[in-house]
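# Structural overview for review
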Amino acid sequence: MARDVRGGRRPAPRPRVQVAALVVAGVFLLIGVLGFVPGVTTDYGELRFAGHHSDARLLGLFQVSILHNAVHLLYGLVGLVLARSVAGARVFLAAGGASYLALWLYGLAIEAVDPESGANILPVNDADNWLHLALGFGMLALGLLLSNQAGTGGRLDNPADRH
C-alpha cells in the first residue's frame, strides 16, 4: 500500500471528468483575465462594459467586453467549485456545453438579423461564434463521455435486469 510523506494513504486519483472540469474552468479563468490585459487584448482602449460598441479583441480575433470577460471569469469560478465532485463536474461540463451551444445560436441569430442591434449585449463576431460552437460540443462531450464509470459503480446504461 502506498503511503504519502506523513505516513497516510495517498489520495485516489481524481476521475477524468473532474480533471477535465478543472482544466476547462482554469482555461475560462485565464481567458477572463487575459481579456483585461492590454496587448493580449488589442484595441484595449475600445473595451466597453457591454454591447457591440466594444471593439476590443482578445488575441486580436475574439470581440470582448467587460461583461464578456466577467462571464468567462464566472464560468471559471463556477467550474472550480463544481469540479470538487464528480456530479458537479458532469453538470458544469454538460450544462456549460449546452449553454455555449445556446450562445452559438444567439450569435448566429444576431449576425443574421443585425450585428449592430442592441440585442448584441455580449459582443460576438464570427470568430466568437465558431469558438462557442467548439466549446459547446467539446464541453458537452467531456461531460457525457468521461463520466460513464466515474462514481457510479458501473456503466450508466447497465439495466438492473442485465447481469
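Structure first, text after, so check above.
Calculation notes
- Residues numbered from 1 in each chain as written.
- Predicted model: local features only at pLDDT ≥ 70, side-chain atom pairs only at ≥ 80, totals over all residues.
- Heavy atoms only, no water.
- Salt bridge = Lys/Arg side-chain N within 4 Å of Asp/Glu carboxyl O.
- Buried < 20%, exposed > 50% of the residue type's maximum accessible area, 1.4 Å probe, protein only.
- Helix = DSSP H or I, 4+ residues; strand = E, 2+ residues; numbered from the N terminus.
- Expected span 1.5 Å × (residues − 1).
- Arc of directions from axis to C-beta.
- Contact = heavy atoms within 4.5 Å.
- Core = buried A, V, L, I, M, F, W, Y, C linked by side-chain atoms within 4.5 Å.
- Phe/Tyr/Trp six-rings, centres within 6.5 Å; stacked < 30°, edge-to-face > 60°.

## What about the pattern of salt bridges?
In this structure the tally under the stated criterion is 1 salt bridge. Among the salt bridges present, the one from Glu46 reaches Arg48, with a minimum N-O distance of 3.5 Å. By relative accessible area, Glu46 is classed as partly exposed at 34%. Given the relative accessible area of 34%, Arg48 is considered partly exposed.

## Quick word on helix H1 (residues 16–34)
The first and last C-alpha atoms of H1 sit 27 Å apart over 19 residues, in line with the 27 Å expected at 1.5 Å per residue. Restricting attention to buried positions, one finds in H1 the residues Val17, Gln18, Ala20, Ala21, Val24, Ala25, Phe28 and Gly32. The buried residues of H1 occupy an angular sector of 160° when the element is viewed end-on, so they sit on one face. Away from the buried face of H1 by more than 90 degrees, exposed residues Arg16 and Val23 are located. Residues of H1 that are buried sit in contact with helix H2 (66–82), helix H3 (86–113) and helix H4 (126–145).

## Regarding the side chain of His68
With respect to the helices and strands, the residue His68 is situated in helix H2. Once residues within four sequence positions are removed from consideration, His68 is found in contact with Gln63, Leu122, Pro123, Asp128 and His132.

## Considering the nonpolar core
Core analysis: the biggest nonpolar cluster contains 15 residues, and Ala21, Val24, Phe28, Phe92, Leu93 and Met139 have the highest contact counts within it. Looking at this core, the elements that each hand over two or more residues are H1 and H3. Apart from residues lying up to four places away in sequence, Val24 is in contact with Phe92, Leu93, Met139 and Leu142. In this structure, Leu47, Ala56, Leu58 and Val64 belong to the second largest nonpolar core, which totals 6 residues.

## What to know about the packing of aromatic side chains
Taken as a whole, this structure holds 3 aromatic pairs when the rule is applied. Taking 5.3 Å as the distance between ring centres and 35° as the angle between the ring planes, the aromatic pair formed by Phe28 and Tyr75 counts as tilted. Note that Phe28 is positioned in helix H1 and Tyr75 in helix H2, a separation of 47 residues in sequence. The class of Phe28 is buried, set by a relative accessible area of 5%. With a centroid separation of 5.1 Å and an interplanar angle of 65°, the aromatic rings of Tyr75 and Tyr100 are classed as edge-to-face.

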